[in-house]
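Notes for the structure review
Take a look at the letters that make up each chain.
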Amino acid sequence: RGAPKFPQCTMLEFLWRAGARTSDPRFFVTSTLALTQMSEGGIYDHLGGGYARYSVDERWLVPHFEKMLYDNAQILDLLALEHSRAANPLFRRRTEETVGWLQRDMQITDGGFASSLDADSDGAEGKFYVWSPAEIEQLLGPADAALFNAAYDVTAAGNFEGHSILNRLADVGNAEVDEPRLATLRAKLLAARDKRVRPGLDDKVLADWNGLVITALAHAAQAFDRPDWLAVARTTFGVITQQMTRDDRLGHSLRSGKLL
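Residues numbered from 1 in each chain as written. Predicted model: local features only at pLDDT ≥ 70, side-chain atom pairs only at ≥ 80, totals over all residues. Heavy atoms only, no water.

A closer look at the layout of surface pockets
Taken as a whole, the second largest pocket encloses approximately 150 Å³ of empty space. Forming the walls of the second largest pocket are Glu-13, Arg-17, Gln-74, Asp-77, Leu-78, Ala-80, Leu-81, Ser-84, His-219, Gln-222 and Ala-223. For the lining of the second largest pocket, the secondary-structure elements that each account for two or more residues are helix 1 (9–22), helix 3 (69–85) and helix 8 (207–223). For the lining of the second largest pocket, the element with the most residues is helix 3, which contributes six residues. For the lining of the second largest pocket, the per-class residue count stands at four nonpolar, four polar and three charged. (1 Å grid on protein atoms, 1.4 Å probe; cavity = no way out; pocket = protein on both sides within 12 Å on 5 of 7 lines; lining within 4 Å. Points joined across faces, edges and corners; volume = space filled by probe spheres on them. Helix = DSSP H or I, 4+ residues; strand = E, 2+ residues; numbered from the N terminus. Nonpolar A, V, L, I, M, F, W, Y, C, P; charged D, E, K, R; others polar.)

Right, dumping it as structure tokens:
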């Protein structure tokens, strides 16, 4: 209850493990509900994957648009944990999309992962992520735009300062939605969004945050049967152990070849 709402991953894992220990389904209901609402809300980037740092409202709708590596690693770990208990197609999609975002936008050339993406771009918070009906219709055409806007809460009035943050909160669990068609439309919008001024990237490779990603990728590889994700985890582990270690001591931060 209340706002702002942060992804409380350690608390949610505590509840999940209490359910596993006691066989009391109430714990799983709580943790699964939180993961579902975060995964369908505006705190999730429905085009590019990845979760924002927190929501400024109590519905997980309006994010603080900054994306942090450690949040996404911990959420990935929770998605894998829950999917290993009860297969969930939503959690599979969000995991695939978020790992895709990590590899596409956050992976440094040598294999480590950058720390964060800023909330601002082109002088305004969230400008990179929000849409108007006119923009979407121009890119998709009237029929596909109508389908997409209905699914993702895009309206003329908007839900954030006159623009729309994509979300599926009004559509949670709707089995009738044509997901393959929506995936095609999302890809078109993502390609158009990539031409916008991008948020700034904090390209420090932090050993501890990358450790969280390595763990999450290893667990997700097992839960979702994706050995390619385990290969990514191995590569990142190699970066940390080989490039961030001096005289058997692990450094904290690596940037542009400089270890701190």
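Topic: the sheet that holds strand 4 (residues 116–117)
In spatial order, the strands read 3-4-7; together these three strands make up an open sheet with antiparallel pairing. Two strands close off the open sheet at either side, each with one partner strand: strand 3 (67–68) and strand 7 (201–202). Relative to strand 7, strand 4 runs antiparallel, the two sharing two bridges. Directly across from Leu-117, in strand 7, lies its bridge partner Leu-201. (Pairing = 2+ DSSP bridges.)

Things to note about the sheet that holds strand 11 (residues 253–255)
Pairing in this open sheet of three strands is antiparallel, and the strands run 8-11-12 from one edge to the other. Each having just a single partner strand, strand 8 (205–206) and strand 12 (258–259) make up the two edges of the open sheet. Bridging between strand 11 and strand 12 involves two bridges; their strand directions are antiparallel. Bridge pairing links Leu-254 to Leu-259 in strand 12.

Here's the deal with unusual backbone geometry
Of note, the bond from Ala-3 into Pro-4 is cis; its omega dihedral lies within 30 degrees of zero at -5°. A positive phi is found at Asp-122, a non-glycine position, where the angle reads about 55°. Turning to its location among the elements, Asp-122 is positioned in the loop between strand 5 (120–121) and strand 6 (124–125). Even without being glycine, Asp-247 reaches a positive phi, approximately 55°.

A short note on the nonpolar core
Counting residues in each nonpolar core, the largest one holds 51 residues, and the members touching the most others are Phe-113 and Leu-217. For this core, the secondary structure elements donating two or more residues are helix 1, helix 2 (25–40), helix 3, helix 4 (89–106), helix 8 and helix 9 (227–243). Ignoring any residue separated from it by four or fewer positions in sequence, one finds Leu-217 in contact with Val-99, Phe-113, Trp-229, Val-232 and Ala-233. Counting residues in each nonpolar core, the second largest holds 15 residues, with Leu-47, Trp-131, Ile-136 and Leu-190 among its members. (Core = buried A, V, L, I, M, F, W, Y, C linked by side-chain atoms within 4.5 Å. Buried < 20%, exposed > 50% of the residue type's maximum accessible area, 1.4 Å probe, protein only. Contact = heavy atoms within 4.5 Å.)

Some words on helix 7 (residues 179–193)
Taking 1.5 Å of rise per residue, 15 residues should cover 21 Å, and helix 7 covers 20 Å from first to last C-alpha, within 8% of that figure. Every buried residue of helix 7 is accounted for by Glu-179, Leu-182, Leu-185, Arg-186, Leu-189, Leu-190, Ala-192 and Arg-193. Angular distribution of buried residues about the axis of helix 7 spans 155°; they occupy a single face of the element. Tucked into the core, helix 7 has its buried residues touching helix 4, helix 5 (133–140) and helix 6 (142–152). Put simply, Asp-178 is the residue that caps the front of helix 7, since its side-chain oxygen is 3.2 Å from the backbone nitrogen of Arg-181. (Expected span 1.5 Å × (residues − 1). Arc of directions from axis to C-beta. Polar contact = N/O pair within 3.5 Å; in protein donor to acceptor, adjacent residues only side chain to side chain.)

Some remarks on the packing of helix 8 against helix 9
The N-to-C vectors of helix 8 and helix 9 enclose an angle of 155°; their axes lie 8 Å apart at closest approach. For the element pair helix 8 / helix 9, the angle class is roughly antiparallel. Crossing of helix 8 over helix 9 shows left-handed handedness. Judged by residue contacts, Ala-207, Asn-210, Ile-214, Leu-217, Ala-218, Ala-220 and Ala-221 of helix 8 engage Trp-229, Leu-230, Val-232, Ala-233, Thr-236, Phe-237 and Ile-240 from helix 9. For the contact of helix 8 with helix 9, the residue count by class is 12 nonpolar, two polar and no charged. (Axes fitted to C-alpha atoms, helices over the stretch in contact; angles between N-to-C directions. Parallel < 35°, antiparallel > 145°, perpendicular 65-115°, else oblique. Left-handed = near helix turned anticlockwise from the far one by under 90°.)

Things to note about the side chain of Ser-55
Mapped onto the fold, Ser-55 is located in strand 1 (residues 54–55). Judged by its relative accessible area of 0%, Ser-55 is buried. Within the structure, Ser-55 has its side chain in polar contact with the side chain of Asp-57 (distance 2.8 Å). Setting aside anything within four residues of it in sequence, one finds Ser-55 in contact with Pro-4, Lys-5, Ile-43, Trp-60, Leu-61, Val-62 and Pro-63.

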